[in-house]
Amino acid sequence: MTGPVPGAYRPAGRALRMVFAVIGVVALVLGYVGFDRLLRAEPGAGHDLYDVVYYDIQLFVLGAEPLQDPGPYPWQLQVARFAAPLFTLLAVVEASRLLLAAEIRRLRARRARGHSVVCGDSQFAQMLADRLFSGGERVVVVRAEPFGPLEYRRRRYLGVVGDPTSPEVLRGAGLPHARTVYACTDDDDRNHAIANAASRLIQDRRQPARVYVQVHDPEMCLSLQARRLGAAGSSRLRLDYFHVDDVAARALHRHHPLPSALRRPVRILIAGRGSFRRAALVASARHWQLRQAEAPAGRPLPPLHVDLVAPDAAAELELASARHPFLSGACQVRAYDLDLDGLVGSGMLRHGYDRLYVCADDERTGLQLALDTPALWQRAESTVFVPVYRQAALAAAFHGDRRHDLLDEVHGRLQLYPVLTRACDAQLIAEDLTERLARQIHDRYVQAQVRAGVRLGASPAMVDWARLPESLRRANRAHVQDIAAKLLSLGCVVAPRHGTTAGTADPGASRAIDDRIDELARLEHERWCRERRGEGWLYGEPRDDARRRHPTLRPWDELAPDVQEMNRNEIRALPEVLSDAGFEMIRLTADPPDPAAPADPPSPSRQVAGPDDAPRAPGDASGERIGG
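In this report, the structure presented in the accompanying data block is examined. Just so we're clear, the structure is a prediction, and the values are computed from it rather than from any experiment.

Evaluated as defined, the whole model comprises eight aromatic pairs. In this structure an aromatic cluster arises from ring pairing among F276, Y357, F385 and Y417.

As structure tokens, then:
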């Protein structure tokens with residue numbers, strides 16, 4: 001359970017209750033004083049303390065015997081006989097509200113619009129709901145465990161109790177009108193069941209909700225992303241799968257970017273066999289790749305130097321290099337088959353690193369090593385990061401604000417990195433596979449245009465992704481979502497990359513593309529024309545972005561040869577786009593045998609990433625002719 005969300009209290013409600021209490025106390029005191037003076041003023045009227053108290057209490061139930069006689073009354077009693085019924089009325093209203101609170105919340109949840117639905121009883125689900133609410137989102141939480149009154153009051157959840165895989169329960173959470181759905185239970189199969197139920201409930205919407213499904217195994221997550229990419233064109237539902245390690249690793253470099261203003265290569269060390277090591281390696285390489293692209297001309301950044309230390313470091317590096325070929329261009333990675341104890345005694349720490357990651361199988365073991373090994377702190381030029389999952393509270397004790405720093409951070413050199421806390425970033429979760437591929441297509445387009453002599457900012461599309469107009473982002477997303485149709489036409493599928501001959505795509509898939517390049521380029525152009533016309537664009541020369549006129553909105557046969565070639569380049573670039581994301585195209589249909597080919601081709605050898613393993617130069621593909 002995470003703590004209450006900052007800002008979840010409503011000070012106005014608390015102040016109003018205080019006012020009610022003051023009214024009740026004032027009515028009680030003034031009633032007692034007023035009745036005492038009234039009864040003393042009546043000749044021959046005997047009374048005692050109990051009579052005064054009894055009459056005072058009767059004020060709260062709209063009646064008191066002495067008030068049956070005509071006045072005048074003392075002013076204290078005049079005030080009390082109006083204040084007491086007012087307090088009673090307010091108390092009845094508040095009691096009714098509390099009694100009907102669950103039903104009111106249930107009705108509000110069912111009638112919610114444009115909200116986020118978080119399904120699950122897990123710690124991650126609760127943390128994600130807290131983060132969304134603190135960010136200003138309207139949140140409905142669906143879980144099997146009943147909500148406590150304290151959660152309702154302090155967290156201000158709109159909650160639905162029930163089986164989150166049930167369509168009726170999800171309908172009660174307003175899912176048919178939700179903007180985003182997160183399936184975050186501790187059971188992957190239940191998360192898939194939630195996605196299935198959500199798909200049936202929101203299938204007919206013009207703009208269906210985005211559904212994000214948490215998967216606890218990183219390899220399974222990648223495999224499901226591949227299968228979803230191949231089926232994206234058959235469903236309008238925006239569905240993606242995510243793993244907390246991947247999201248948290250991308251968040252790490254936003255909060256803690258690597259240093260770059262050094263006169264020597266930046267060095268990092270990733271030690272241990274924990275699941276976070278692959279995510280840290282890939283995220284560090286992508287982060288450095290972006291830094292290299294942003295480096296000024298004439299001052300290129302050298303490759304990032306990475307030392308990978310684990311009993312299976314060489315095998316892990318081979319797998320990572322086969323899965324992510326871009327590693328060789330951004331990093332120089334060396335593998336050392338040592339355990340964590342062997343690392344401390346090996347003398348490697350004397351090299352000095354700008355960052356260390358301690359990714360042990362058991363987070364307690366990694367944490368104990370980081371706390372008890374001064375050599376780690378002494379040899380780290382920057383910070384030793386220890387990813388933790390169940391120790392988020394301990395991480396907060398180390399890294400609170402100045403008033404709540406309970407533990408010493410070793411002068412800022414020890415950093416407990418709470419993976420679940422950092423993974424609760426809705427913006428990063430929303431950067432799903434479709435979004436990342438669309439961004440990559442746009443970046444390739446901009447790079448190709450710059451090489452062709454077009455300056456940055458020359459058109460609305462010649463900007464980075466963050467400043468790209470939403471209509472052009474949709475164009476790139478549509479291009480990604482059409483990959484499934486292209487794969488079907490080619491008889492190919494997408495699978496997680498395991499490395500192939502020469503580090504490129506499956507030769508059968510490449511031949512399929514070459515054999516049908518003109519047909520696929522024509523289909524891509526026709527798809528682009530439909531998408532642009534749906535955005536209100538028309539044919540016109542010269543191009544006019546303000547009036548939405550474009551000179552290439554015309555039939556394929558009327559296009560200039562260079563524009564047709566640009567469409568062909570888009571199709572040829574498809575294997576490289578997928579390869580950079582960790583996927584490859586596999587052709588299912590068998591090719592006819594090549595009589596000139598050797599009977600038993602030699603087995604390919606796989607090299608680990610290094611500075612000499614330069615990636616093949618990307619083509620001038622762009623999915624974004626509207627920017628050209």
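Back to the text.
On to helix α23 (residues 507–515). Taken together, the buried positions of α23 are occupied by G508, A509, A512 and I513. Each buried residue of α23 lies within a common arc of 140° when the element is viewed along its axis, so the set occupies one face. In α23, the exposed positions that point more than 90 degrees away from the buried face belong to D514 and D515. On its buried face, α23 is in contact with α22 (483–490), β13 (492–496), α24 (517–534), α25 (561–572), α26 (574–580) and β16 (583–587).

The next subject is the sheet that holds strand β4 (residues 180–183). Ordered in space as β3-β2-β1-β4-β5-β6, the six strands form an open sheet in which the pairing is parallel. Looking at the sheet topology across the chains shown, the edges are occupied by β3 (158–161) and β6 (238–242). Between one strand axis and the next, the sheet turns by 15° as a mean value, whatever way the strands run. The pairing of strand β1 (residues 116–119) with strand β2 (residues 139–143) spans four bridges and is parallel.

With that settled, consider the pairing of β6. Counted residue by residue, β6 has five buried out of five residues, so it is predominantly covered. With burial as the criterion, each face of β6 is covered, one bearing R238, D240 and F242 and the other bearing L239 and Y241. As judged from the five bridges shared by strand β5 (residues 210–214) and β6, these two strands associate in the parallel manner. Among the inter-strand pairings, R210 is bridged to a residue of β6, identified as R238.

Moving on to the side chain of D307. Within the fold, D307 resides in strand β8 (residues 304–310). A polar contact is formed between the side chain of D307 and the side chain of R267, at a distance of 3.4 Å. At a separation of 3.3 Å, a polar atom in the side chain of D307 contacts the side chain of R334. What D307 contacts, discounting residues up to four positions off in sequence, is R267, I268, L269, I270, R334, Y336, M348 and Y353.

With that settled, the discussion passes to the packing of helix α21 (residues 470–481) against α24. Describing two packed helices takes the angle between their axes plus the distance from one axis to the other. One can describe the packing of α21 onto α24 by two numbers: an axis separation of 11 Å at closest approach and a directional angle of 145°. Every pair of crossing elements has a handedness; the one defined by α21 and α24 is right-handed. Listed contacts from α24 to S471, L472, R474, A475, A478 and H479 of α21 are E524, R527, E531 and R532. Residues belonging to the contact of α21 with α24 are distributed by class as follows: three nonpolar, two polar and five charged.

As a further point, take α21. In an α-helix, one turn spans 3.6 residues, which is why side chains three or four residues apart end up on the same side. In this model, α21 (twelve residues) spans 16 Å end to end at C-alpha, consistent with the 16 Å of a helix rising 1.5 Å per residue. L472, R473, A475, N476, R477, A478, H479 and V480 are the residues of α21 that are buried. Here the buried face of α21 lies against β5, α9 (218–231), β6, α20 (433–451), α22 and α24.

On to the nonpolar core, then. Soluble globular proteins: nonpolar side chains tend toward being buried together. With 54 residues, the main nonpolar core has F124, I270 and F276 as its most contacted residues. Per-element tally for this core: the top contributor is helix α11 (residues 276–294), with eight residues. Excluding residues that lie within four positions of it along the chain, F124 makes contacts with C184, Q214, F242, V244, L420, A423, C424 and I429.

Our next topic: the pairing of strand β7 (residues 267–271). Among the five residues in β7, five count as buried, and that is most of the element. Burial along β7 is two-sided: R267, L269 and A271 facing one way and I268 and I270 facing the other are all buried. Direction of pairing for β7 relative to β8: parallel, over a ladder of five bridges. Within the sheet, the bridge partner assigned to I270 lies in β8 and is L308. One crossover worth recording links β7 to the parallel β8 by way of α11, and it is right-handed. Looking at chain direction, β7 and strand β10 (residues 353–358) are connected through four bridges and run parallel. In the strand pairing of β10, I268 is matched with R355.

Two elements in contact, α24 and α25, have axes separated by 8 Å at closest approach and are oriented at 105°. Regarding the angle of α24 to α25, the classification is roughly perpendicular. Every residue of α25 that contacts α24 at I517, D518, L520, A521, E524 and H525 is listed here: N567, R568, E570, I571 and R572. Class assignment for the residues of the contact of α24 with α25 results in four nonpolar, two polar and five charged.

Next up on the list: empty space enclosed by the protein. One pass over the structure, following the stated rule, counts two cavities of 30 Å³ or more. Estimated volume of the second largest cavity: approximately 40 Å³. As for the second largest cavity, its lining consists of Q225, D240, Y241, F242, D246, V247, R250, L428, I429, E431, D432 and R436. Residue composition of the lining of the second largest cavity, grouped by class: five nonpolar, one polar and six charged.

Glancing now at unusual backbone geometry. Following E541, the chain continues into P542 via a peptide bond in cis, with omega recorded as -5°. For P542, the position within the fold is in the loop between β14 (538–539) and β15 (549–550). Residue R548 is not a glycine yet carries a positive backbone phi of 55°. Relative to the elements of secondary structure, R548 occurs in the loop between β14 and β15.

This part is about the pattern of salt bridges. Should their charged atoms come close, side chains of opposite charge can pair. Summed over the entire model, instances satisfying the criterion amount to 36 salt bridges. The partner of K486 in a salt bridge is D482, with the nearest N and O atoms 2.6 Å apart. Just as K486 is buried, D482 falls in that class too. Two residues, E524 and R527, come together in a salt bridge whose shortest N-O distance is 2.8 Å. In this pair, E524 and R527 are both assigned in helix α24, three residues apart and thus about one turn of the helix distant. Look at E524 and you get buried, because its relative accessible area is 1%. A relative accessible area of 7% places R527 in the buried class. A cluster of three or more residues bridged by salt bridges with shared partners is formed by E219, R273, R277, R278, D312, E316 and R323.

What counts as what
Residues numbered from 1 in each chain as written. Predicted model: local features only at pLDDT ≥ 70, side-chain atom pairs only at ≥ 80, totals over all residues. Heavy atoms only, no water. Phe/Tyr/Trp six-rings, centres within 6.5 Å; stacked < 30°, edge-to-face > 60°. Buried < 20%, exposed > 50% of the residue type's maximum accessible area, 1.4 Å probe, protein only. Helix = DSSP H or I, 4+ residues; strand = E, 2+ residues; numbered from the N terminus. Arc of directions from axis to C-beta. Contact = heavy atoms within 4.5 Å. Pairing = 2+ DSSP bridges. Axes fitted to C-alpha atoms, helices over the stretch in contact; angles between N-to-C directions. Polar contact = N/O pair within 3.5 Å; in protein donor to acceptor, adjacent residues only side chain to side chain. Left-handed = near helix turned anticlockwise from the far one by under 90°. Nonpolar A, V, L, I, M, F, W, Y, C, P; charged D, E, K, R; others polar. Expected span 1.5 Å × (residues − 1). Core = buried A, V, L, I, M, F, W, Y, C linked by side-chain atoms within 4.5 Å. Right-handed = clockwise from strand over helix to strand, strands pointing away. Parallel < 35°, antiparallel > 145°, perpendicular 65-115°, else oblique. 1 Å grid on protein atoms, 1.4 Å probe; cavity = no way out; pocket = protein on both sides within 12 Å on 5 of 7 lines; lining within 4 Å. Points joined across faces, edges and corners; volume = space filled by probe spheres on them. Salt bridge = Lys/Arg side-chain N within 4 Å of Asp/Glu carboxyl O.

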